[in-house]
Amino acid sequence: MFTQRFSATCLGARLARHLAVHRLDLWGFPYGGALSDAAASVVAELTANAVTHGRVPGRDFELRLATLSYAHGDTDAAHPATLRIEVADTRTEKRPPSPGALVLPPPDCETGRGLLLVAALAARWEVVDRVPVGKVVRAELDL
């Protein structure tokens, strides 16, 4: 598992993306590979949203990466199955729409497509409450 807090700035979001692909490379998912590129895009969108919509002055956002395992067949051996990406911020009242409520913005709109990209790249995604305050946007990519 990898967890790191970043300043809620554009620089913090950029650093989060760079450190995410570096961590994935250390875990055996090389730079420029399909998983690395998809994860970089998801991290970029979620951290940009945390900086743009979830920012509370003086508060950081948090990135967490984890590979989740499952038991394979009849053996007890665990195999990585999912990369979980979580971005948490401290703004409770500004929640993104749920996965089923996303709508395509008008063609001339310059924003509003980030979560559509996340939905296209991730096998699953959701928004959950963060204790004690805030929210976590969680996306999972199948390995």
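Note: the structure precedes this text.
Presented here is a report on the structure given in the accompanying data block. Since the model is a prediction, treat every value here as computed from it, not as a measurement.

Re helix H3 (residues 114-121)
When H3 is considered as a whole, its buried residues turn out to be Gly114, Leu115 and Val118. Looking down the long axis of H3, one finds its buried residues gathered within 90° of arc, a one-sided arrangement. The inward-facing, buried residues of H3 abut helix H2 (34-52), strand E4 (124-129) and strand E5 (135-142).

A few points about the packing of H2 against H3
Packed helices, taken two at a time, are described by their axes: the angle between them and the distance between them. Where H2 meets H3, the axes come as close as 9 Å, and the angle between the chain directions of the two elements is 150°. It follows from the interaxial angle that H2 and H3 lie roughly antiparallel. In this structure, H2 meets H3 at a crossing whose hand is left-handed. For the pair H2 and H3, contact is made by Ala38, Ser41, Val42, Glu45, Leu46 and Asn49 and by Gly114, Leu115, Leu117, Val118 and Leu121, respectively.

Observations regarding the pattern of salt bridges
Per the stated rule, a full pass over the model turns up eleven salt bridges. Across the salt bridge formed by aspartate 129 and arginine 95, the nearest N and O atoms sit 2.8 Å from each other. Here aspartate 129 is found in strand E4, whereas its partner arginine 95 is found in the loop between strand E3 (78-89) and H3, with 34 residues between them in sequence. Given the relative accessible area of 57%, aspartate 129 is considered exposed. Taken together, the shared-partner salt bridges connect Arg5, Glu62, Arg64, Glu86, Glu126 and Arg138 into one network.

What counts as what
- Residues numbered from 1 in each chain as written.
- Predicted model: local features only at pLDDT ≥ 70, side-chain atom pairs only at ≥ 80, totals over all residues.
- Heavy atoms only, no water.
- Buried < 20%, exposed > 50% of the residue type's maximum accessible area, 1.4 Å probe, protein only.
- Helix = DSSP H or I, 4+ residues; strand = E, 2+ residues; numbered from the N terminus.
- Arc of directions from axis to C-beta.
- Contact = heavy atoms within 4.5 Å.
- Axes fitted to C-alpha atoms, helices over the stretch in contact; angles between N-to-C directions.
- Parallel < 35°, antiparallel > 145°, perpendicular 65-115°, else oblique.
- Left-handed = near helix turned anticlockwise from the far one by under 90°.
- Salt bridge = Lys/Arg side-chain N within 4 Å of Asp/Glu carboxyl O.

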